[in-house]
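Residues per chain, in single letters:
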Amino acid sequence: MTSFKALWVTEENDNIKRQIIERTTADLPEGEVLIQVKYSSLNYKDVLSAYGNKGVTRVYPHQPGIDAAGIVAASSHADFREGDEVLVTGYDLGMNTAGGFGQYIRVPAAWVVSLPKNLSLREAMNWGTAGFTAALSVYKIVKREKITPQMGATVVSGATGGVGMMSVALLNKLGFEVTASSGKEDQYDLLRQIGAKEIVGRQALADWDAKPMSSARFVAGIDTVGGTALSAIMKSLKQEGVVTTCGNVGGLSFKTSVFPLILRGVNLMGITSAGTEMPLRRELWDLIAGEFRLDNLDLFTHECSLEELEDKMAQMKEGAHWGKLIVNMEG
Ligand SMILES: NC(=O)c1ccc[n+]([C@@H]2O[C@H](COP(=O)([O-])OP(=O)(O)OC[C@H]3O[C@@H](n4cnc5c(N)ncnc54)[C@H](OP(=O)(O)O)[C@@H]3O)[C@@H](O)[C@H]2O)c1
């Protein structure tokens, strides 16, 4: 039995409280693989869990963190041995299963991915769920729909968020011209640095939604926002264009006529990273370490300790953050 530090969220008389406490590995749920977590990363879903959102975490007390990368400390499954470098993202990790904001997790072997060669534990969490979601979105556009840079330009909404920045950087790396939509003018220079050729303000993008159809500007879009951003992108796609959508910070619902679908054959593709099947999950992590590899991640990555997470979560809750945040569990 080993003791370790964890972010611990409790609920008392409808009051949600967060503190760093000592737990022991005996407190963790049953599972085949015990992992010493070296790095985690912060995602919007973690903020929801840490602030008491019952749609994400049904029962408290709870140890959040939907991402973890670390070293196998014990395994009863033949696929993993003590000392292996591994990562876990999605499934139920950090939702109702003790997550990566603790220095240890214990999970089913079916959730565990061996760290690909050419990727460090820190780099894996540099991507984390946000980056994995960007990779899944790009995969659907490029590998499944066979969209190429020669076919036209692309657009990304919520561009300064974790998924947004990774999507801009990745599309740029693959040779696409990228238009980034963002509500944060002070980050436009950074967006240009990571590969955005054009930038459109959040409101300007929403304005494209005013009419049943808009000019055909893009061959593909990655929407991370939902609401009017999604319908605006659908209306601005070219013939047979593709848009993926993964988020809802801009609205749970969206409104469009059927025109983009029946006049331009536009395809709307949903993204659900948490439930990605293991074969595709492994393929994506191999791509992340290879063809999708990004060498400019530090331009938009911050790092914090478990103790500093409280302030960072408050910033994310207010929408005041930008880029990706890695949590160094030994920091
Ligand atoms: N479906 C999945 O598998 C999956 C996986 C990961 C994440 N998600 C979801 O995808 C979304 C993005 O994730 P993330 O990690 O990138 O989140 P994030 O870091 O919080 O970024 C969200 C971005 O959306 C923009 N935004 C914020 N408030 C907005 C508003 N009221 N209206 C329009 N835009 C707004 C901001 O970008 P600008 O200021 O640049 O506009 C913000 O940086 C979240 O909703 C998350 O829960 C889904």
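Heads up: these notes are all about the structure in this document. (Residues numbered from 1 in each chain as written. Predicted model: local features only at pLDDT ≥ 70, side-chain atom pairs only at ≥ 80, totals over all residues. Heavy atoms only, no water.)

Each neighbour pair has its own omega, and for Tyr60 with Pro61 the value is 5°, a cis peptide bond. Counting through the fold element by element, Pro61 comes out in the loop between helix H1 (44-50) and strand E4 (67-75). For Tyr91, which is not glycine, the phi dihedral falls at a positive 50°. If you trace the backbone, Tyr91 turns up in the loop between strand E5 (85-89) and strand E6 (104-107). Take Tyr91: its relative accessible area is 22%, and that puts it in the partly exposed class. Non-glycine residue Glu240 carries a positive phi angle of around 65°. You can see Glu240 is positioned in strand E12 (residues 237-245). (Helix = DSSP H or I, 4+ residues; strand = E, 2+ residues; numbered from the N terminus. Buried < 20%, exposed > 50% of the residue type's maximum accessible area, 1.4 Å probe, protein only.)

So, on to a nonpolar patch on the surface. A contiguous nonpolar patch, built from Val258, Phe259, Leu261, Ile262 and Leu263 and spanning about 460 Å² of accessible area, is present on the exposed surface. Inspection of the secondary structure assignment puts Ile262 in helix H7 (residues 259-263). We classify Ile262 as exposed; its relative accessible area is 58%. (Patch = residues over 30% accessible without salt bridge, like charges linked within 9 Å, V, L, I, M, F, W, Y side chains within 5 Å. Areas by Shrake-Rupley, 256 points an atom, 1.4 Å probe, with all protein chains shown as cover. Salt bridge = Lys/Arg side-chain N within 4 Å of Asp/Glu carboxyl O.)

This part covers the pairing of strand E3 (residues 33-41). Of all nine residues making up E3, eight are buried, and the element is well covered by its neighbours. Alignment of E3 against strand E15 (residues 324-328), held across three bridges, turns out to be antiparallel. What sits directly across from Ser41, in E15, is Ile326. (Pairing = 2+ DSSP bridges.)

Tallied over the entire structure, the rule returns four aromatic pairs. Arranged with centres 5.6 Å apart and planes meeting at 5°, the rings of Tyr91 and Trp111 form a pair that is stacked. Separated by 20 residues along the polypeptide, Tyr91 in the loop between E5 and E6 and Trp111 in the loop between E6 and strand E7 (113-114) bring together distant segments of the chain. Taken together, a centroid distance of 6.0 Å and an interplanar angle of 35° make the contact between Trp208 and Phe218 tilted. Here Trp208, found in the loop between helix H5 (202-207) and strand E11 (218-223), pairs with Phe218, found in strand E11; they are ten residues apart in sequence, far enough to count as distant. Classification of Trp208 by relative accessible area gives buried; the value is 16%. By relative accessible area, which is 4% here, Phe218 ends up buried. (Phe/Tyr/Trp six-rings, centres within 6.5 Å; stacked < 30°, edge-to-face > 60°.)

General note: in soluble globular proteins, nonpolar side chains tend to be found buried as a group. By size, the foremost hydrophobic cluster in this structure holds 56 residues, and its most contacted members are Ala124, Trp127, Val168, Leu191, Leu284, Trp285 and Phe300. Where this core is concerned, the elements lending two or more residues are helix H2 (121-144), helix H3 (162-173), strand E9 (178-182), helix H4 (188-193), strand E10 (196-201), E11 and helix H8 (278-289). With 13 residues, the single largest contributor to this core is H2. Counting contributing residues per domain, this core is built from domain 1 (3-115 + 296-328) and domain 2 (130-270), each supplying no fewer than three. For Val168, the residues in contact, after removing those within four places along its chain, are Val156, Ala159, Val178, Ala180, Leu191, Ile194, Gly195 and Ala196. (Core = buried A, V, L, I, M, F, W, Y, C linked by side-chain atoms within 4.5 Å. Domains from an automatic or database assignment. Contact = heavy atoms within 4.5 Å.)

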